[in-house]
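Residue-level structure breakdown
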Amino acid sequence: MLKVLAVFGTRPEAIKMAPLIKELEKHPGRIECKVAVTAQHREMLDQVLDLFQITPAYDLNIMMPNQTLYEITARALTGLNEILEQEKPDIVLVHGDTTTTFAAGLAAFYRQIKVGHIEAGLRTGNKYSPYPEEMNRRLTGAIADLHFAPTATAKANLLREGVNPENILVTGNTVIDALLATVKDKYVFTDAALNAIDYRGSRVLVVTTHRRENLGEPLRNVYEALRDIVEQYNNVEVVFPVHKNPKVRNIVESVLGGLPRVHLTDPLEYAPFVSLMNKAYLVLTDSGGLQEEAPALGKPVLVLRDTTERPEAIDAGTVRMVGTDKDAVFNACKTLLEDSAAYEKMANAVNPYGDGRACARITAGLEYFFGLRGNKPEEFINL
Ligand code: UD1
Ligand code: UDP
């Protein structure tokens, strides 16, 4: 019996780990999977646990208002020590690049427990961008024994750093598994304001922002550009589910609060959120996950960052990096609102990040690495 402990703490980790946990649960007798959450996020994590009906065996409940990187790291690390002592798993699975990811990898390493890194190998090459995620991911990669890389590009990054190819498996991104299992064409929102929007007659811009390096002036610039867009184009509606971070909420409220055709909502549950994206005209975001999901839905994305660790959709032409300069954001929106050829060029459904079978590959990969099956699974190939 292979004992797996999956550790995560934030919304995106939960969304991307949930389908994997469900897949691992399909192998009783061979694999036992337990979940420990740090709850670095509280409400935004619980939304996902509820949707996917995941009951953690352990919940460290570490979130604090305006938490610092020091607090998250220290509270997760010490809390996980006790859990690992009790559970003694064969492998700890962590996901991506959050501070929970890094702390959980480190906690497992201190006890000489193997670490499997899901969504391994993404790199910007700039240690401060995204901050602190680029280093969280690199440090976790340095600790990890098994690297589940979503794409061939991510695998190439790991090979360049000297990782043994035998310990890497290209799987596709589990977010595409989650997305395909969740998105519905005819979705009815519980929020009346979202149902009232004319998604065909108007042009709906879906916006999300949260990156630490964008807090303050960069976010203010972006919101001012959006305000100008809404003022200039009377058929544009903005739907902006605002991250729970008070440092984001305060600026959003001060620039966009009360404006006509701007809908500021609490974070949406995953099912309504992906359906909203599916009905949107355009997505503006500094999120990592949205850069992977929106291309699969054929929605152009303007990335509100100066670097990205996800070059595949940029290469495919559906994602454009615009940064946070007010004029640059305004002009990029203007182009996609006025130039239908430019819009159509970006609005192709492409799936460079996965085919919905990443979790099956990771499960088979774990079985292979632990000697429960003979041959290494076939890798995900982006055709
Ligand atoms: C974290 C991750 C980031 C990831 C993002 C996804 C780190 C350092 N950052 O950033 O990599 O992309 O999550 O959203 O790991 N809050 C709540 N309720 C919640 C969630 C957050 O109130 O459910 C508030 C709290 O005041 C908290 C603050 O938001 O202190 C910031 O949360 P934190 O996890 O530190 O940073 P994020 O920007 O969410
Ligand atoms: N998401 C959601 N509700 C929202 C906004 C985003 O469920 O209101 C989902 C989104 O579909 C994606 C994930 O949350 O899967 C992205 O999370 P976030 O942007 O917080 O983190 P990142 O991907 O940047 O690490």
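Remember, it's a predicted structure, so these values are computed and weren't measured experimentally.

A short note on the packing of aromatic side chains
Taken as a whole and judged by the stated rule, the model has nine aromatic pairs. Arranged with centres 6.0 Å apart and planes meeting at 45°, the rings of Phe 109 and Tyr 110 form a pair that is tilted. Judged by centre distance (6.3 Å) and plane angle (75°), the rings of Phe 148 and Phe 369 are edge-to-face. Of this pair, Phe 148 sits in strand E6 (residues 146-149) while Phe 369 sits in helix H16 (residues 358-369), and the two are 221 residues apart along the sequence. Note on Phe 148: relative accessible area 0%, which makes it buried. What links up through ring pairs into an aromatic cluster is the set Phe 148, Tyr 368 and Phe 369. Over the ring of Tyr 281 we find Arg 203, and its NZ or CZ is 5.1 Å from the ring centre. Stacked on the ring of Tyr 199, the Lys or Arg Lys 279 has its end atom at 5.2 Å from the ring centre.

Focus: the site of ligand 2
Not every one of the 15 residues close to ligand 2 is listed here, only the nearest: Arg 11, Leu 268, Gly 288, Gly 289 and Glu 293. Between ligand 2 and Gly 289, the relevant distance is 2.7 Å, taken from an oxygen atom to a main-chain nitrogen or oxygen of the residue. Protein contact buries 95% of the 540 Å² of open area that ligand 2 shows by itself. At the level of elements, helix H1 (11-24), helix H11 (270-279) and helix H12 (289-296) are the ones that each hand at least two residues to the shell around ligand 2. A per-class count over the shell around ligand 2 returns eight nonpolar, four polar and three charged.

As for the layout of surface pockets
Of the pockets and cavities examined, the second largest pocket occupies roughly 250 Å³. Broken down by secondary-structure element, the contributors of at least two residues to the lining of the second largest pocket are strand E8 (203-208) and H11.

Describing the pattern of salt bridges
Evaluation of the coordinates by the stated rule reveals 29 salt bridges. In this structure, Arg 137 and Glu 119 form a salt bridge, with 2.9 Å as the shortest nitrogen-oxygen distance. Highlighted residues: Arg 137 in helix H5 (residues 133-143) and Glu 119 in the loop between strand E5 (114-118) and H5, separated in sequence by 18 residues. The pair Arg 137 / Glu 119 is uniform in exposure class, with both members buried. With its nearest N and O atoms 3.2 Å apart, the salt bridge here joins Arg 211 to Glu 133. Here Glu 133 lies in helix H5 and Arg 211 lies in the loop between E8 and helix H9 (217-232), a separation of 78 residues in the sequence. Each member of the pair, Arg 211 together with Glu 133, is buried. One network of salt bridges, in which partners are shared, links Lys 16, Asp 97, Glu 119, Arg 137, Glu 292, Arg 305, Glu 309 and Arg 310.

A short note on helix H14 (residues 326-338)
If you check H14, its first and last C-alpha atoms are 18 Å apart, about what 13 residues at 1.5 Å a residue would give, namely 18 Å. Within H14, burial applies to Val 329, Phe 330, Ala 332, Cys 333, Leu 336 and Leu 337. Down the axis of H14, the buried set is contained in an arc of 165°. They therefore lie on one face. For H14, the exposed residues lying more than 90 degrees away from the buried face are Asp 327 and Glu 338.

A look at the site of ligand 1
Not every one of the 25 residues close to ligand 1 is listed here, only the nearest: His 41, Glu 43, Met 64, Thr 99 and Glu 133. Within the contact set of ligand 1, an oxygen atom lies 2.6 Å away from a side-chain nitrogen or oxygen of His 41. Within the contact set of ligand 1, an oxygen atom lies 3.1 Å away from a backbone nitrogen or oxygen of Asn 66. A total of 740 Å² of accessible area belongs to ligand 1 in isolation, and the protein chains cover 95% of it. For the shell around ligand 1, the secondary structure elements donating two or more residues are helix H2 (43-52) and helix H3 (69-87).

A closer look at the sheet that holds strand E13 (residues 319-321)
The strand order E10-E9-E8-E11-E12-E13 describes an open sheet built from six strands, whose pairing is parallel. Of all strands in the sheet, those with a lone pairing partner are strand E10 (262-265) and E13, marking the two edges. Direction aside, the axes of adjacent strands within the sheet are offset by 20° on average. Two strands pair when backbone bridges link them, and strand E9 (residues 236-241) and E10 are joined in this way by four bridges, in the parallel orientation. Within E10, the position partnered with Pro 241 by the bridge is Thr 265. Seen against the sheet, helix H10 (residues 246-256) touches E9 and E10 and runs at an angle of roughly 160° to E10. Packing of H12 onto the sheet brings it into contact with E8, strand E11 (282-285), strand E12 (301-303) and E13, and relative to E12 it is tilted by some 165°.

Let's talk about the pairing of E8
Most of E8 is tucked away: six of the six residues are buried. Because side chains alternate across E8, one face comprises the buried residues Arg 203, Leu 205 and Val 207, and the other comprises Val 204, Val 206 and Thr 208, equally buried. One ladder, built from four bridges, connects E8 with E9; its direction is parallel. Within E9, the residue paired with Arg 203 across the bridge is Val 236. Since E8 and E9 lie parallel, the crossover through H9 that links them has a hand, and here it is right-handed.

Basis of the calculations
- Residues numbered from 1 in each chain as written.
- Chains lettered and ligands numbered in written order.
- Predicted model: local features only at pLDDT ≥ 70, side-chain atom pairs only at ≥ 80, totals over all residues.
- Heavy atoms only, no water.
- Phe/Tyr/Trp six-rings, centres within 6.5 Å; stacked < 30°, edge-to-face > 60°.
- Helix = DSSP H or I, 4+ residues; strand = E, 2+ residues; numbered from the N terminus.
- Buried < 20%, exposed > 50% of the residue type's maximum accessible area, 1.4 Å probe, protein only.
- Lys NZ or Arg CZ within 6 Å of the ring centre and 35° of its normal.
- Near = heavy atom within 4 Å.
- Polar contact = N/O pair within 3.5 Å; in protein donor to acceptor, adjacent residues only side chain to side chain.
- Areas by Shrake-Rupley, 256 points an atom, 1.4 Å probe, with all protein chains shown as cover.
- Nonpolar A, V, L, I, M, F, W, Y, C, P; charged D, E, K, R; others polar.
- 1 Å grid on protein atoms, 1.4 Å probe; cavity = no way out; pocket = protein on both sides within 12 Å on 5 of 7 lines; lining within 4 Å.
- Points joined across faces, edges and corners; volume = space filled by probe spheres on them.
- Salt bridge = Lys/Arg side-chain N within 4 Å of Asp/Glu carboxyl O.
- Expected span 1.5 Å × (residues − 1).
- Arc of directions from axis to C-beta.
- Pairing = 2+ DSSP bridges.
- Axes fitted to C-alpha atoms, helices over the stretch in contact; angles between N-to-C directions.
- Contact = heavy atoms within 4.5 Å.
- Right-handed = clockwise from strand over helix to strand, strands pointing away.

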